[in-house]
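Coordinates in review
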Amino acid sequence: MKQKILLLFTVFSLIACKRETKNSSSDWTNISSRTRFKEHKRVLELKSGNFSYNFKKNQTPFKKIILLNASMAGYISELGAENLIIGVSSPEYIYSDKIQSLIQQGKIQNVGSEQKYDVEKIISMKPDAIFTNHIASFDNTYELLKNNGIQVIFLDEYMEQKPLEKTAYIKLFGEFLGKEKEAETKYKEVEKNYSNLKQLASKAKEKPVVLANEMYGDVWYLPGGNTSVAHYISDANANYIMKDNKDEKVLTMSFEEVYAKANGVQYWVNAGSHPSKKEMLSMNPFYGKLDVFNKGKIYTIAGREKLKANDFFESGVVRADLILKDYIKIFHPELLPDYQLTYMKELH
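Description of the structure in this document. These numbers come from a predicted model, not from an experiment.

Parameters and conventions
- Residues numbered from 1 in each chain as written.
- Predicted model: local features only at pLDDT ≥ 70, side-chain atom pairs only at ≥ 80, totals over all residues.
- Heavy atoms only, no water.
- Phe/Tyr/Trp six-rings, centres within 6.5 Å; stacked < 30°, edge-to-face > 60°.
- Helix = DSSP H or I, 4+ residues; strand = E, 2+ residues; numbered from the N terminus.
- Buried < 20%, exposed > 50% of the residue type's maximum accessible area, 1.4 Å probe, protein only.
- Lys, Arg positive; Asp, Glu negative; His and termini not counted.
- Salt bridge = Lys/Arg side-chain N within 4 Å of Asp/Glu carboxyl O.
- Core = buried A, V, L, I, M, F, W, Y, C linked by side-chain atoms within 4.5 Å.
- Contact = heavy atoms within 4.5 Å.
- Pairing = 2+ DSSP bridges.
- Axes fitted to C-alpha atoms, helices over the stretch in contact; angles between N-to-C directions.
- Parallel < 35°, antiparallel > 145°, perpendicular 65-115°, else oblique.
- Left-handed = near helix turned anticlockwise from the far one by under 90°.
- Nonpolar A, V, L, I, M, F, W, Y, C, P; charged D, E, K, R; others polar.
- Right-handed = clockwise from strand over helix to strand, strands pointing away.

Turning our eyes to something else, we now look at the packing of aromatic side chains. According to the stated counting rule, one finds 24 aromatic pairs in the structure shown. Pairing Tyr 75 with Phe 173 gives two aromatic rings, centres 5.1 Å apart and planes at 15°, and the pair type is stacked. With a gap of 98 residues between them, Tyr 75 in helix H2 (residues 73-78) and Phe 173 in helix H7 (residues 169-177) connect regions that are remote in the sequence. By the burial criterion, Tyr 75 is buried, and Phe 173 matches it. Aromatic pair Tyr 117 and Phe 138: ring centres 4.9 Å apart, planes at 40°, arrangement tilted. Here Tyr 117 is found in the loop between strand E8 (109-110) and helix H4 (119-125), whereas its partner Phe 138 is found in the loop between strand E9 (129-132) and helix H5 (139-147), with 21 residues between them in sequence. The class for Tyr 117 is buried, based on a relative accessible area of 6%. The buried category is assigned to Phe 138, whose relative accessible area is 10%.

Before going further, it helps to examine the side chain of Lys 277. Within the element layout of this structure, Lys 277 appears in helix H11 (residues 277-283). One buried charged side chain, Lys 277, makes no salt bridge at all; its nearest oppositely charged neighbour is Glu 346, positioned 7.7 Å away.

What follows is about the nonpolar core. Counting residues in each nonpolar core, the largest one holds 107 residues, and the members touching the most others are Phe 131 and Trp 268. At seven residues, helix H13 (residues 320-331) tops the list of elements feeding residues into this core. Those residues within four positions of Phe 131 in sequence are excluded, and the remaining contacts are Phe 62, Ile 65, Ile 66, Leu 67, Leu 68, Asn 69, Met 72, Ile 153, Leu 155, Phe 173 and Phe 176.

Our focus in this paragraph is the environment of Ser 52. Along the polypeptide, Ser 52 turns up in strand E5 (residues 51-56). Here Ser 52 falls in the exposed class, since its relative accessible area comes to 52%. Along the primary structure Ser 52 and Ile 153 are separated by 101 residues, whereas in three dimensions their C-alpha atoms are 9.3 Å apart. When near neighbours in sequence (up to four residues on either side) are disregarded, Ser 52 contacts Leu 46 and Lys 47.

Attention now goes to the sheet that holds strand E13 (residues 219-223). Reading across the sheet, the three strands line up as E12-E13-E15 and stay open at both edges, with antiparallel pairing between neighbours. Bordering the open sheet on either side are strand E12 (215-216) and strand E15 (250-253), each of which pairs with just one other strand. Looking at chain direction, E13 and E15 are connected through four bridges and run antiparallel. Within E15, the position partnered with Leu 222 by the bridge is Leu 251.

Direction vectors running N to C along helix H9 (residues 228-235) and H13 enclose 55°, while the axes themselves pass 9 Å from each other. As the angle between them shows, H9 and H13 are arranged oblique. As for how H9 packs across H13, the hand of that crossing is right-handed. Across the interface between the two elements, Tyr 232, Ile 233 and Asp 235 from H9 touch Ala 320, Ile 323, Leu 324, Tyr 327 and Phe 331 from H13. For the contact of H9 with H13, the class distribution of residues is seven nonpolar, no polar and one charged.

A separate point is the pairing of strand E7 (residues 85-88). Sheet topology places strand E6 (residues 65-67) next to E7; three bridges connect them, and they run parallel. Residue Ile 66 lies in a different strand from E7, and its bridge partner there is Gly 87. Note that the unit made of E6, H2 and E7 has a crossover that is right-handed. The pairing of E7 with E8 spans two bridges and is parallel. The partner of Gly 87 across the bridge, within E8, is Gln 109. Crossover E7 to E8 through helix H3 (residues 97-104) is right-handed.

With that out of the way, let us pick up the sheet that holds E8. Reading across the sheet, the five strands line up as E8-E7-E6-E9-E10 and stay open at both edges, with parallel pairing between neighbours. Edge positions in the sheet fall to E8 and strand E10 (151-154), since each of these pairs with one other strand and no more.

Here E13 lies mainly inside the structure; four of its five residues are buried. In this structure, E12 lies alongside E13, joined through two bridges in antiparallel fashion. Within E13, the residue paired with Tyr 216 across the bridge is Val 219. Connecting E12 to the next strand, E13, in antiparallel fashion are two residues, including Gly 217 with a positive phi near 70°.

In this section: H7. Along H7, nine of the nine residues are buried, which leaves the element largely enclosed by surrounding structure. Along H7, the residues that are buried comprise Tyr 169, Ile 170, Lys 171, Leu 172, Phe 173, Gly 174, Glu 175, Phe 176 and Leu 177. With its phi angle positive at about 70°, Gly 178 sits one or two positions after the end of H7.

Geometric descriptors of this kind do not, in isolation, establish any biological role.
Set out below in structure tokens:
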């Protein structure tokens, strides 16, 4: 399951730096090209991917919500709104101590997993809204929930490939939960930190060459040159081996194809969550042929991990600034001499 989550991260990855703008002519708040919202005549209107929603003033803010994706817990935690959650799916993947405590106290219920949601339980809990990513195979379940008067809101935050656009979803959660000011403050803080860190990275004298992600079976799932991983590496002032590629999706390559591009690589990042290089090599002996494996530095995303839960996929969806800071610390340690990595961990 952990590999599946890491693979999903690879495919959709996290996100670079186009400032969220507000269109004054229509008062839309643009989160990204696929998501925007506005308030108009006491109605909150949301456009999210292929879905549109209208909420009357008396429908929001929501007081009881259910999350069907662990990553969305990061937005709720940053807003200090954990007490509004009444249900989550797959609680073992949630990192937040506070949410886990509320689960233990029975204040947050387990409503199933991505294999099967407990629809009867969800209906009996009478949530104001359910937040989830749209999965076509669950359309019948969504329809059943809607027919029972439950609002199901589909969000595409996992598809965003620009770090601050992914962070900007906190504004949408702020709007829905009556935490607009807190959301705006948090977004501006992360945005300012990100900008300052990017400027700091630009002062580095060297620009190292970087490889990312790892193999599953016979395939190396390499982030495209327009994915979040590529944007982070670029903003941290390093050269990603696929930087000239324009894809926003994952690229599937054989080991031989990656090996041909890996000459001169000094850093290997997002290498899963392996505990050691020895274990990594036992999983895939081909890695030993790479110069970066033998002479360079390798980093996983296991810096904040507890059993199946990984905070990189939780608070990391909001804290683009801390992820960038980790990459800068890795590539240019002299720029952040006193900083300790948050989400990343060096493999030995």
